Amino acid sequence: MKLNVENVSYSIGAKLIVDGVSLGVEEGSFVGLVGPNGCGKSTLLKNIYKVYKPDSGKVFIDGKDLAQLSSKETAKEMSVMQQENNVEFDMLVFDMVMLGRYSHQKMFGTDMVSEGRIVKDALAEVGLSGYEERSFLSLSGGEKQRTLVARALVQKAELVILDEPTNHLDIGYQYQIMNILKNQDLTVFSSIHDLNIASCYCDKIILMKAGRIVDFGTPEEMFVPEKIRNLFGVDTEVNVNPHTGRPNIVFYPQ
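Just so you know, these numbers come straight off a predicted model, no measurement behind them. (Residues numbered from 1 in each chain as written. Predicted model: local features only at pLDDT ≥ 70, side-chain atom pairs only at ≥ 80, totals over all residues. Heavy atoms only, no water.)

Undergrad: Explanation requested: the overall build of the protein in the structure shown.
TA: Across its full length, the protein carries nine helices and 12 strands. Taken over C-alpha atoms, the radius of gyration comes to 19 Å for the protein, in line with the 18 Å a tight globule of 254 residues would show. Counting all 254 residues of the protein, 46% fall into the buried class. Taking the intrachain contacts of the protein between residues at least 6 apart in sequence as the baseline, contacts between residues at least 24 apart amount to 63%. Summed over all atoms, the accessible surface of the protein reaches about 12,400 Å², with 49% contributed by carbon and sulfur. Distance from the positive charge centre (26 side chains) to the negative charge centre (33 side chains) of the protein: 3 Å. (Helix = DSSP H or I, 4+ residues; strand = E, 2+ residues; numbered from the N terminus. Rg over C-alpha atoms; globule rule 2.2 N^0.38 Å. Buried < 20%, exposed > 50% of the residue type's maximum accessible area, 1.4 Å probe, protein only. Contact = heavy atoms within 4.5 Å. Areas by Shrake-Rupley, 256 points an atom, 1.4 Å probe, with all protein chains shown as cover. Lys, Arg positive; Asp, Glu negative; His and termini not counted. Charge placed at Lys NZ, Arg CZ, Asp CG, Glu CD.)

Structure follows, in structure tokens:
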């Protein structure tokens, strides 16, 4: 499942937030989108998964123009985990995850036993076995986040879009969730706040600043002190993680 973004721009009021962005995510790859707060990462992702409509430009999955697909057709192509987890009404964890199955269900003839098994397997994969009857709103921030990862997994789309999926998790669950995502047979495009997690799990890194893509390459090519300084304004030392062989970034106190 290949993602192509072609010259997408988007403004909020008179302010240009995403400025002519073009990028590609190859089938089966795990690509991280990295940049400072306010650079347009989440807004770009919202243009990809159709919360926003681009002012100009297009988004394609395997050559299909997403703007021409219905919501159900889009859900079969792409699953999404958004950064904002605000839920205005409560539901059981089981039902929250089951929402990810709607594009696969028919008005008649859906095997709900099989559907329930898919949901329970996903909850087990994110460490929430036994939470099926819990109230979603009663969960901690990390538990809610893992529930939403499970919902994205049960959708069974080949492309997953993630907006900082480990944002509310403690360090153990951050790596657990990234391991789960990395081990899926999926194409993943994710904004990531933590540079060392991005370095550990991503095949390629896209650097974004002030609404534009400024560089693209492997973690080894992108995570060097000069580029990190230009992007975030901080000094770093970059060495090699002996366990992964990937760049390990050490930040200097300001």
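Undergrad: I keep staring at the packing of aromatic side chains and nothing clicks. Help me out?
TA: Each aromatic ring pair is specified by the distance between its two centres and by the angle formed by the two planes. Taken as a whole and judged by the stated rule, the model has two aromatic pairs. Arranged with centres 4.7 Å apart and planes meeting at 5°, the rings of Tyr 10 and Tyr 52 form a pair that is stacked. Taken together, the residues Tyr 10 in strand β1 (residues 3–12) and Tyr 52 in the loop between α1 (41–48) and β4 (56–61) connect sequence positions 42 residues apart. When its relative accessible area of 13% is taken as the criterion, Tyr 10 is described as buried. Residue class for Tyr 52 comes out partly exposed when judged on its relative accessible area of 26%. (Phe/Tyr/Trp six-rings, centres within 6.5 Å; stacked < 30°, edge-to-face > 60°.)

Undergrad: Would you mind going over the packing of helix α4 (residues 112–125) against helix α5 (residues 141–154) with me for this structure?
TA: Packed helices, taken two at a time, are described by their axes: the angle between them and the distance between them. The geometry of α4 relative to α5 is characterised by a closest axis approach of 9 Å and an angle of 135° between their N-to-C directions. By the angle between their directions, the pair α4 and α5 is classed as oblique. Regarding α4 and α5, the two cross each other, and that crossing is right-handed. Residues Ile 118, Val 119, Ala 122, Leu 123 and Glu 125 of α4 pack against Ala 150, Leu 153 and Val 154 of α5. (Axes fitted to C-alpha atoms, helices over the stretch in contact; angles between N-to-C directions. Parallel < 35°, antiparallel > 145°, perpendicular 65-115°, else oblique. Left-handed = near helix turned anticlockwise from the far one by under 90°.)

Undergrad: Honestly, the sheet that holds strand β9 (residues 204–209) in this entry has me stumped. Any pointers?
TA: In any sheet, the strands associate via hydrogen bonds between backbone groups, in a parallel or an antiparallel arrangement. Spatially, six strands are ordered β6-β7-β8-β3-β9-β10 in an open sheet, and the strand pairing comes out mixed. Across the chains shown, the open sheet's two edge strands, defined by having one partner strand only, are β6 (78–81) and β10 (212–217). Each strand axis lies, on average, 15° off the axis of its neighbour in the sheet, ignoring direction. In this structure, strand β7 (residues 159–163) lies alongside strand β8 (residues 187–191), joined through five bridges in parallel fashion. Across the sheet, the residue bridging to Leu 162 is Ser 190, located in β8. (Pairing = 2+ DSSP bridges.)

The quantities given are spatial measurements derived from coordinates; they are silent on function.
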